[in-house]
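Listed here are the chains, written in short residue letters.
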Amino acid sequence: MSSPSKRREMDMMKLMMSDYKVETINDGMQEFFVEFNGPKDSLYEGGVWKIRVELPDAYPYKSPSVGFITKIYHPNVDELSGSVCLDVINQTWSPMFDLVNVFETFLPQLLLYPNPSDPLNGEAAALMMRDRPTYELRVKEYCEKYAKAGEGSEDESSDEELSEEEYGSGEDEDDDAIAGQPDP
């Protein structure tokens, strides 16, 4: 069998050939971002998320680390860190799987079939179990706010909203008074 580094290169190329937008970190093949589209017929349809992937030295014998950079509301995704709770990635990984499996099967299945009984986001899990319509509304709100196609990650979206609220309020005169007038 080929060495882990050759397998890593082959899996990266296979992922790029599958029309995923891949952006390497530090020009290496161990850490990179992948643009992931929400699966059809799901609450996440139409959303686009930036996913961070880190391949361990022992890949494919050890599973990749996968996390959402773009904010997502889901019982099995930690809202703060973006960590994913998915048995096939975290516990039952096999060298038979590759990166394309992660993006074409594992993550879509996670979004299509959330498991509120094994949550990383307790609030989302509880809301899903006790008030499904409100949970679905919250998922759609997050998709609309953070995962719109063509926009940046959660941090960029949040910054834009803050700057519009802070600077679009018509208080420019107060800001000038604080900063002072330019010297003649």
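The shown structure was predicted, so the numbers you read here are calculated from the model rather than taken from an experiment. Numbers given for residues are sequential positions, taken from 1 along each chain in its written order. Per-residue local features of the predicted model are confined to residues with pLDDT of at least 70, and side-chain atom pairs are confined, for both listing and counting, to 80 or more; whole-chain, interface and lining totals are unaffected and use all residues. Heavy atoms throughout the structure, all of them, feed into the side-chain values; hydrogens and water do not.

## Quick notes on the nonpolar core
Where we set the bar: Here, nonpolar core refers to any group of buried Ala, Val, Leu, Ile, Met, Phe, Trp, Tyr and Cys residues whose side-chain atoms link them within 4.5 Å. Three labels apply to residues, based on accessible area from a 1.4 Å probe with only protein chains included: buried if under 20% of the type maximum, exposed if over 50%, partly exposed otherwise in between. Starting at the N terminus, helices and strands are each numbered in turn, a helix being any DSSP run of H or I of at least four residues and a strand any DSSP run of E of at least two. Residues count as neighbours in contact if any of their non-hydrogen atoms are within 4.5 Å of one another.
Counting 41 residues, the largest nonpolar core has L15, F32, W49, I51, F68, F103 and L107 as the members making the most contacts within it. Residue assignment for this core shows that the elements contributing at least two residues are helix 1 (4–17), strand 2 (31–37), strand 3 (48–54), strand 4 (65–68), helix 2 (87–90), helix 3 (99–112), helix 4 (122–130) and helix 5 (132–146). No other element matches the 8 residues that helix 3 contributes to this core. If sequence neighbours within four positions are ignored, F32 has contacts with M12, L15, V22, E23, T24, I25, I51, R52, V53, L55 and L99.

## Re the UniProt feature "active site" (unreviewed entry) in the chain
Applied cut-off: UniProt positions are given in the numbering used here, feature names are shortened, and annotations may be inferred rather than shown by experiment.
Mapped onto this numbering, the UniProt entry annotates "active site" (unreviewed entry) at C85. Along the polypeptide, C85 turns up in the loop between strand 4 and helix 2.

## Remarks on the environment of S94
Within the secondary structure, S94 sits in the loop between helix 2 and helix 3. A residue is classified by how much of its surface remains accessible, and S94, at 17% relative accessible area, is buried. Considering only alpha carbons, one finds S94 and K62, 32 residues apart in sequence, at a separation of 7.7 Å.

## Description of the packing of aromatic side chains
To keep it simple, the criterion reads: Only centres within 6.5 Å qualify two rings of Phe, Tyr or Trp (six-membered ring in Trp) as a pair; their planes then separate them into stacked at under 30 degrees, edge-to-face at over 60, and tilted for everything else. Whether a charge lies above a ring is judged from NZ of Lys or CZ of Arg, which has to be within 6 Å of the ring centre and within 35 degrees of the ring normal.
Under the definition given, this model contains 10 aromatic pairs. Residues Y73 and Y135 carry aromatic rings whose centres are separated by 6.0 Å and whose planes lie at 45 degrees to one another, so their mutual orientation is tilted. Here Y73, found in the loop between strand 4 and helix 2, pairs with Y135, found in helix 5; they are 62 residues apart in sequence, far enough to count as distant. Overall, the relative accessible area of 1% leaves Y73 in the buried class. Among the aromatic residues, ring-to-ring pairing joins Y59, W93, F97 and F106 into one connected group. The ring of F33 carries the charged tip of K50 above its face, separated from the ring centre by 4.3 Å.

## Section: the pairing of strand 3
Stated precisely, the cut-off is as follows: Paired strands, as defined in this entry, are two strands with at least two bridges between them according to DSSP.
Taken together, the 7 bridges between strand 2 and strand 3 define a ladder with antiparallel strand orientation. For N37, the partnering residue across the bridge sits in strand 3 and is V48. Direction of pairing for strand 3 relative to strand 4: antiparallel, over a ladder of 4 bridges. When the sheet's bridge partners are listed, E54 is paired in strand 4 with S65.

## A look at the sheet that holds strand 3
Our working rule: To obtain each axis, a line is fitted to C-alpha atoms, and for helices this fit is confined to the stretch in contact; angles are then taken between N-to-C directions over 0 to 180 degrees.
Pairing is antiparallel across the open sheet formed by 4 strands, whose spatial order is 1-2-3-4. Pairing within the sheet leaves two strands with one partner each, and these edge strands are strand 1 (22–24) and strand 4. Ignoring strand direction, the axes of neighbouring strands in this sheet form an average angle of 25 degrees.

## Quick look at a nonpolar patch on the surface
The following threshold applies: A patch consists of residues whose relative accessible area exceeds 30% and which take part in no salt bridge; residues with like charges are grouped when within 9 Å of each other, and nonpolar side chains (Val, Leu, Ile, Met, Phe, Trp, Tyr) when within 5 Å. Note on areas: these come from Shrake-Rupley sampling with a 1.4 Å probe, and a residue is covered only by the protein chains present in the view. By convention in these notes, a salt bridge is any Lys or Arg side-chain nitrogen within 4 Å of a carboxyl oxygen on Asp or Glu.
Side chains of M13, M16 and M17 sit close together on the surface and give an oily, nonpolar patch of about 320 Å² of accessible area. Assignment of secondary structure puts M17 in helix 1.

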